[in-house]
Amino acid sequence: MSGHPELEIKNYYNKLAQDYDDNRFNNSYGQYLDYQERSFLNRVLKSIPPEQCMDLGCGTGRLLDYAHYGVDFSPEMLKVAGAKYPNKVLLEGRLTEIPLSNNALEAIYSFHVIMHQDQATTVQFLTEAHQKLKPNGKLIFDFPSAKRRKAVKHQQQNWHAGHQMTLSDLENIAGSQWKLVSSQGFLFFPIHRIPTRIRPLFRALDNLLCRSFLKEYASYLVVVLEKR
């Protein structure tokens, strides 16, 4: 990865692997984010069989329900995923080196991965994914919203979730190879900080705002690109 400490990131996730699910998704913040991501994938992938899908950066396999193929660069994360899903095809690889033949898939999705890269790596990822997808194949991924971070005066500390973009930024680097077919936000409100008794109300409002013209002011953006 150009300009980023790939070995440092790999070691970080190798060390986290055994406790990753519990630490990241066994709390109100993680559970709500998981709910939003699954709701999105249920809608976008409903007509695409798992056999035609890849989870790129699959980690411990949290979202492998939707794909037959899982790729990650952390062998320790893949071990955890393999114990959960012994019948999936799990491969060690990278965003810019996907270990599958060209024109093999109808969809690739990648969550919580592009946010750790720089722009040069993201461009390489778009090129690589374009080669692996069939004509009109879908590429789905998320990243921190630059407009939200500007609004809240976010101060970035290191590589972790450091790659923010606007939808306009994304369209500029996607170029003529891709068509942006849909987008929405995730996490408009800090759900984990809202009292439990009124969270259901805020969740409904969160879902509404994340799909409205205000979506770029959610914490994250998720996009669906279609291969031209």
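Residues numbered from 1 in each chain as written. Predicted model: local features only at pLDDT ≥ 70, side-chain atom pairs only at ≥ 80, totals over all residues. Heavy atoms only, no water.

Asks: How would you sum up the overall build of the protein chain? Please name residues and give values.
Replies: Looking only at helices and strands, one finds eight helices and seven strands in the protein chain. Compactness check: the protein chain gives a C-alpha radius of gyration of 17 Å against a globular reference of 17 Å for 228 residues, within 12% of the reference. Per-residue burial for the protein chain yields a buried fraction of 50% across its 228 residues. Within the structure as shown, the protein chain displays about 10,900 Å² of accessible surface, and the carbon and sulfur contribution to it stands at 51%. Separation of charge centres in the protein chain, based on 28 positive and 23 negative side chains, amounts to 7 Å. (Helix = DSSP H or I, 4+ residues; strand = E, 2+ residues; numbered from the N terminus. Rg over C-alpha atoms; globule rule 2.2 N^0.38 Å. Buried < 20%, exposed > 50% of the residue type's maximum accessible area, 1.4 Å probe, protein only. Areas by Shrake-Rupley, 256 points an atom, 1.4 Å probe, with all protein chains shown as cover. Lys, Arg positive; Asp, Glu negative; His and termini not counted. Charge placed at Lys NZ, Arg CZ, Asp CG, Glu CD.)

Asks: Describe the sheet that holds strand β6 (residues 178–186), naming the residues involved and giving the relevant values.
Replies: By way of backbone hydrogen bonds, the strands of a sheet pair with one another, either parallel or antiparallel. Reading across from one edge, β3-β2-β1-β4-β5-β7-β6 is the order of the seven strands in this open sheet, with mixed pairing throughout. Strand pairing shows two members of the sheet lacking a second neighbour, β3 (89–92) and β6, which therefore form its edges. Looking at each pair of strands side by side, their axes are set apart by 15° on average, direction ignored. Note that strand β4 (residues 105–110) and strand β5 (residues 133–144) share five bridges and pair parallel. (Pairing = 2+ DSSP bridges. Axes fitted to C-alpha atoms, helices over the stretch in contact; angles between N-to-C directions.)

Asks: Could you give an account of the pairing of β4, with specific residues and numbers?
Replies: Along β4, five of the six residues are buried, which leaves the element largely enclosed by surrounding structure. In this sheet, β4 lies alongside strand β1 (residues 53–56) in parallel orientation, the contact comprising three bridges. Paired with M54 across the two strands is I108, which belongs to β4. Following the chain from β4 across helix α5 (residues 119–132) to the adjacent parallel β5, one finds a crossover that is right-handed. (Right-handed = clockwise from strand over helix to strand, strands pointing away.)

Asks: Tell me about helix α1 (residues 6–16), and please be specific about residues and values.
Replies: By the burial criterion, the buried members of α1 are I9, Y13, N14 and L16. Lining the buried residues of α1 we find α2 (20–25) and α4 (75–84). (Contact = heavy atoms within 4.5 Å.)

Asks: Give me the lowdown on unusual backbone geometry, citing residues and values where you can.
Replies: Even without glycine at this site, H112 takes up a positive phi of about 60°. Taking relative accessible area as the criterion, H112 reaches 16% and is therefore assigned buried. A positive phi angle, close to 60°, is found at L187, a residue other than glycine. As for its placement among the helices and strands, L187 is situated in the loop between β6 and α8 (199–210). Residue classification places L187 among the buried positions, given a relative accessible area of 2%.

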